[in-house]
Amino acid sequence: MYVYLSNTGFQHLCESVFVRLCQIVGTSVQVAIRREMKDIKEMVERRVADNAEFIIMPSGSWREGFRLKTSDLDCMRWPNTHRVIMDMYQSEYYYTENKTLILSDSSESPPGFTLLELLTPTTNRGVKSACVLMNDRLFISSSLYRQQTQTHHFPGSREHGPCESGKVPGGREYDLVNCFACDFWPPSASSWINRCHFWPHREVVNEIVRNGCHFIPIGHPLGLHEHEEWRISFSLAELKLVYTMNHCQFLTYGLLKIFLKEVIDKQSEETNTLLCSYHIKTVIFWVIQQNAVAHWCPQNLLEGFWICSKFLLNWVYEGVCPNFFIPENNMFLSKVHGSAQRKLFLELHGLYEKGLVCLLQSPSIKSYIIHVLYNPRLSIYTNEDRMMSECDHDKELFDEIDYYTSTQNLEDCIKYLHTIELIIGEPLTQYLVLMLQRITANILHSTAFTFHNMYTNTGLNKQMYIADRMSCHMLKLTAKFGCISDMMYIAMFYCKTFRYREALYITEMIKVKLAQPGLKYEEHVDPEKYTEAVGGQSWSSKLREAVACDFELEIHICYINELTPEQQSALHNHKHALSIPLFVVLHFVQFLCYIHIDSTLAQITLEELQVLVHHDQGLFVREVFRDISWEILGICQQMTGNLQAALYSYQQSLTQYPWNKIHNATLMRIQDLHIT
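Residues numbered from 1 in each chain as written. Predicted model: local features only at pLDDT ≥ 70, side-chain atom pairs only at ≥ 80, totals over all residues. Heavy atoms only, no water.

J.: Hey, could you run me through the overall build of the protein chain in this one?
T.: Across its full length, the protein chain carries 27 helices and 17 strands. In terms of overall dimensions, the protein chain is globule-like: its C-alpha atoms have a radius of gyration of 28 Å, near the 26 Å expected for 676 residues. Projected onto its principal axes, the C-alpha positions of the protein chain cover 80 × 75 × 55 Å. Across the 676 residues of the protein chain, 54% fall into the buried class. Nonlocal contacts in the protein chain, meaning residues at least 24 apart in sequence, comprise 69% of its contacts between residues at least 6 apart. Separation of charge centres in the protein chain, based on 58 positive and 73 negative side chains, amounts to 2 Å. (Helix = DSSP H or I, 4+ residues; strand = E, 2+ residues; numbered from the N terminus. Rg over C-alpha atoms; globule rule 2.2 N^0.38 Å. Buried < 20%, exposed > 50% of the residue type's maximum accessible area, 1.4 Å probe, protein only. Contact = heavy atoms within 4.5 Å. Lys, Arg positive; Asp, Glu negative; His and termini not counted. Charge placed at Lys NZ, Arg CZ, Asp CG, Glu CD.)

J.: Got a minute to help me understand the environment of threonine 244 in this structure?
T.: By the secondary structure assignment, threonine 244 is in helix α8 (residues 235-244). For threonine 244, a relative accessible area of 29% gives the class partly exposed. In the structure, threonine 244 is positioned 40 residues away from valine 204 in sequence and 8.4 Å away in space, judged by C-alpha atoms. Residues within four places of threonine 244 in sequence aside, it is in contact with Trp199 and Val204. A polar side-chain atom of threonine 244 sits 3.4 Å from a polar atom in the side chain of tryptophan 199. From its side chain, threonine 244 meets the backbone oxygen of leucine 241 in a polar contact 2.6 Å long. (Polar contact = N/O pair within 3.5 Å; in protein donor to acceptor, adjacent residues only side chain to side chain.)

J.: Even after reading the chapter, I still don't get the packing of helix α9 (residues 247-262) against helix α10 (residues 277-289), so can you show me in this structure?
T.: For any two helices packed against each other, one specifies the crossing angle of their axes together with the interaxial distance. Between α9 and α10, whose axes approach to 10 Å, the crossing angle comes to 145°. Two packed elements cross with a definite hand, and for α9 against α10 that hand is right-handed. Across the interface between the two elements, Gln249, Thr252, Tyr253, Leu256, Lys257 and Leu260 from α9 touch Ser277, Ile280, Lys281, Ile284 and Ile288 from α10. Tallied by class, the residues present in the contact of α9 with α10 amount to six nonpolar, three polar and two charged. (Axes fitted to C-alpha atoms, helices over the stretch in contact; angles between N-to-C directions. Left-handed = near helix turned anticlockwise from the far one by under 90°. Nonpolar A, V, L, I, M, F, W, Y, C, P; charged D, E, K, R; others polar.)

J.: Whenever I open this one, the state of the cysteines confuses me. Can you help?
T.: Here a disulfide denotes one covalent bond, and it connects the sulfur atoms of two cysteines. Counted according to the given criterion, the structure contains zero disulfides. With no disulfide of its own, cysteine 248 lies 6.1 Å from the sulfur of cysteine 297, the closest cysteine sulfur. You can see cysteine 391 has no disulfide; the closest cysteine sulfur is in cysteine 483, sitting 16 Å from it. Take cysteine 391: its relative accessible area is 3%, and that puts it in the buried class. (Disulfide = S-S within 2.5 Å.)

J.: Help me out: how do you make sense of the pairing of strand β9 (residues 163-167) in this one?
T.: Consecutive side chains along a regular strand alternate between the two faces of the sheet. Most of β9 is tucked away: four of the five residues are buried. As paired elements, strand β8 (residues 158-160) and β9 share three bridges and run antiparallel to each other. Across the sheet, the residue bridging to arginine 158 is serine 165, located in β9. As paired strands, β9 and strand β10 (residues 173-178) are joined by four bridges and run antiparallel to one another. Residue pairing in the sheet places glutamate 164 in a bridge with leucine 176 of β10. (Pairing = 2+ DSSP bridges.)

J.: Just checking my understanding: could you explain the environment of aspartate 392 for this structure?
T.: Looking at where aspartate 392 falls in the secondary structure, it is placed in helix α14 (residues 390-400). The class for aspartate 392 is partly exposed, based on a relative accessible area of 37%. As a C-alpha pair, aspartate 392 and serine 653 span 261 residues in sequence and 35 Å in three-dimensional space.

J.: Please explain the packing of aromatic side chains as it appears in this structure.
T.: What characterises a pair of aromatic rings is the spacing of the ring centres plus the angle enclosed by the ring planes. All told, the structure shown has 34 aromatic pairs when counted by the stated rule. Ring plane angle 45° and centroid distance 4.3 Å describe the contact between phenylalanine 583 and phenylalanine 620, whose orientation is recorded as tilted. Here the residue phenylalanine 583 occupies a position in helix α23 (residues 582-597), and phenylalanine 620 occupies one in the loop between α24 (599-615) and α25 (626-639), the gap between them amounting to 37 residues. The positively charged end of arginine 35 is found above the aromatic ring belonging to phenylalanine 250, 4.6 Å away from the centroid. Its guanidinium or amino end placed over the ring of phenylalanine 324, arginine 195 lies 5.0 Å from that ring's centre, counting from NZ or CZ. (Phe/Tyr/Trp six-rings, centres within 6.5 Å; stacked < 30°, edge-to-face > 60°. Lys NZ or Arg CZ within 6 Å of the ring centre and 35° of its normal.)

J.: Would you explain the pattern of salt bridges in this entry?
T.: Where charged atoms from two side chains of opposite charge approach closely, those side chains can pair. Using the criterion set out here, one finds 25 salt bridges in the structure. Glutamate 42 serves as the salt-bridge partner of arginine 63, at 2.6 Å between the closest nitrogen and oxygen. A residue pair is termed long-range when its members are at least 10 positions apart, and arginine 63 in helix α3 (residues 60-64) and glutamate 42 in helix α2 (residues 28-48) qualify at 21 residues. One exposure class covers both arginine 63 and glutamate 42, and it is buried. For glutamate 522, the salt bridge identified is with arginine 622, shortest N-O distance 3.6 Å. Placement of the pair is glutamate 522 in the loop between β14 (520-521) and α20 (527-534) and arginine 622 in the loop between α24 and α25, with a sequence separation of 100 residues. With a relative accessible area of 29%, arginine 622 lands in the partly exposed category. (Salt bridge = Lys/Arg side-chain N within 4 Å of Asp/Glu carboxyl O.)

J.: How should I be thinking about the confidence of the model for the protein chain in this particular structure?
T.: Scored by pLDDT, the protein chain has a mean of 91; 96% of the residues are at 70 or more. Looking across the protein chain, the model is least confident in helix α15 (residues 410-424), with a mean pLDDT of 82, and most confident in strand β12 (residues 213-216), with 98. (pLDDT = per-residue confidence, 0-100.)

J.: Please clarify how the sheet that holds β9 should be interpreted in this entry.
T.: Sheet strands pair via backbone hydrogen bonds, and the direction of the pair is either parallel or antiparallel. The strand order across the open sheet built from five strands is β1-β2-β10-β9-β8, with neighbouring strands paired in mixed fashion. On the outer flanks of this sheet lie β1 (54-59) and β8, each paired with one strand and no other. Within the sheet, the average angular offset between the axes of one strand and its neighbour, ignoring direction, is 30°.

J.: Honestly, α20 in this entry has me stumped. Any pointers?
T.: Count 3.6 residues to each turn of an α-helix, and residues three or four apart come out pointing the same way. Where α20 begins, one side-chain oxygen reaches toward the backbone nitrogen of glutamate 528, 3.1 Å away; that side chain belongs to aspartate 526. Following α20 by one or two positions, glycine 536 adopts a phi angle in the positive range, close to 85°.

J.: It is not clear to me how the packing of helix α7 (residues 202-210) against α8 should be interpreted in this structure. Could you clarify?
T.: Orientation of α7 relative to α8, taken along the N-to-C sense of each, is 160°, at an axis distance of 9 Å. It follows from the interaxial angle that α7 and α8 lie roughly antiparallel. Handedness of the α7/α8 crossing: right-handed. Contacts between α7 and α8 involve Val204, Glu207 and Ile208 on the former and, on the latter, Ala237, Lys240, Leu241 and Thr244. Here the contact of α7 with α8 is composed, by residue class, of four nonpolar, one polar and two charged. (Parallel < 35°, antiparallel > 145°, perpendicular 65-115°, else oblique.)

In structure tokens, the structure reads:
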């Protein structure tokens, strides 16, 4: 099917798809918010965790700024005490007392792959267990290292290529890869530096080269040492390149990803696994660098898509997908060949022959193309400011700054505060200010409880009094810097220190704020009422007055004595925090206060909590946090002597998704009921 379009009609078609992609992929402002928030989080964590055993870095499409339904949560993890070098002279840059050195030897490996030789002793058990002798030299086997480092964070996780893969609650897939870092650019990719005449700019190239590369535990299936080889990864470089794209280039990248999932992968079962999003990324990198598209703008967006499609079609025909950094590495070599290659080419060629009408096969794009085909003279506004309401903008921002910091002791708290203090001395963007405000609130409440717990029961009255005053002051600052939920830390502190009436006064204030029609609670918000309530105010004011979120209680800090068994269970199962719905925490604290001063009100609060846990449909009690919600209901019922009801609640807790990993505590509580 061919459709003739004039130049004006083609522009309108491009503009219509541009508008649709801004809705699906995001406007330039939304993408900038996502990226900057991730960058700020990583910057803070890196500065705090200089001496951490492992470094964890988000990567992939989520980190690039995509929030598509198919976007995976990708993460790279490497031991901070180990570094790969490319040449022996580079060992001079390290103190071998605190760094284990590994040498890359690619002399017998296909382009893009290498062997890793252990040069200095290691105390890392995973590395030790993965070592194999080859020609009297000690190499780290990629296949053995994968086996040794699989952690299986979520039920049903599996090994997938070099990664541990699975699904987080809610259905989104994740990939976690354990790798090694290298501070040097690989010689095999040196030609890329000389190839960067037009894109990216020289300062970007220099920064990419300074950041080095990583080594992923998977060998080439046609290599001599497949089970020992490692793949050279340019994830940091790729992230930087995506960041340098203009918004039309990024949307074209997004359109190609959508077209792959919704059209190409639907052609046949034989070919639906041959192409992946990494091939798509490689295509657009080459197209931009070769300056194949004269103007990347909304009125020309589909030309970029079409040229990328022709590149991909030609690659499949030739059976060659050249890696962007090491072109000699043909990423189709062991995947796209033979009858499957011919079939994939015919499918792609069939789509190519249809022209841009092939986009009608994409459910996400179809209606916006048909609209223009029937109205070719229709004017379309591509002004991004008109695409995004104040509420949408704020929702994106507040969702992205939702941030959890893990601290184990007062020293960690001080590190975070010192890091924030240093950052405040640097030039700050508006997003950075809000992010630091949120982080500061988290650190202050952690510090307050940690500090108080240090001096509890010491018998030193003066020190306890000073600690109490300082903790109260920090918690009040927490409420000023944070959102509505952060007020709960004051209530918990008053409850923990037997000031029940003061705690109840705070909880009543919180209930009033939570009852506001303009409240944004997690993803739930009424745009019209939100704008009416706080429209035009500063983000700091909106955060304090109209934003609430669920709770993260750190495992190493005692907030509520009654939850100690649950914290110990979670700690035993390698969790860092208990995640609890805000409304459950609110009722729990009120119950713990009322049980000491008014049994009638305690019973009323318990009944409200019971209704919430039994009947909420995911509005106030998210599905993934129902394990701890049933547990807390059972604790309250047990405290009132209703043991049968408590038993039922504990049993229900055991049947929920084990997000908080509290089943050990639940089983212990069931045993303590002594019900026959």
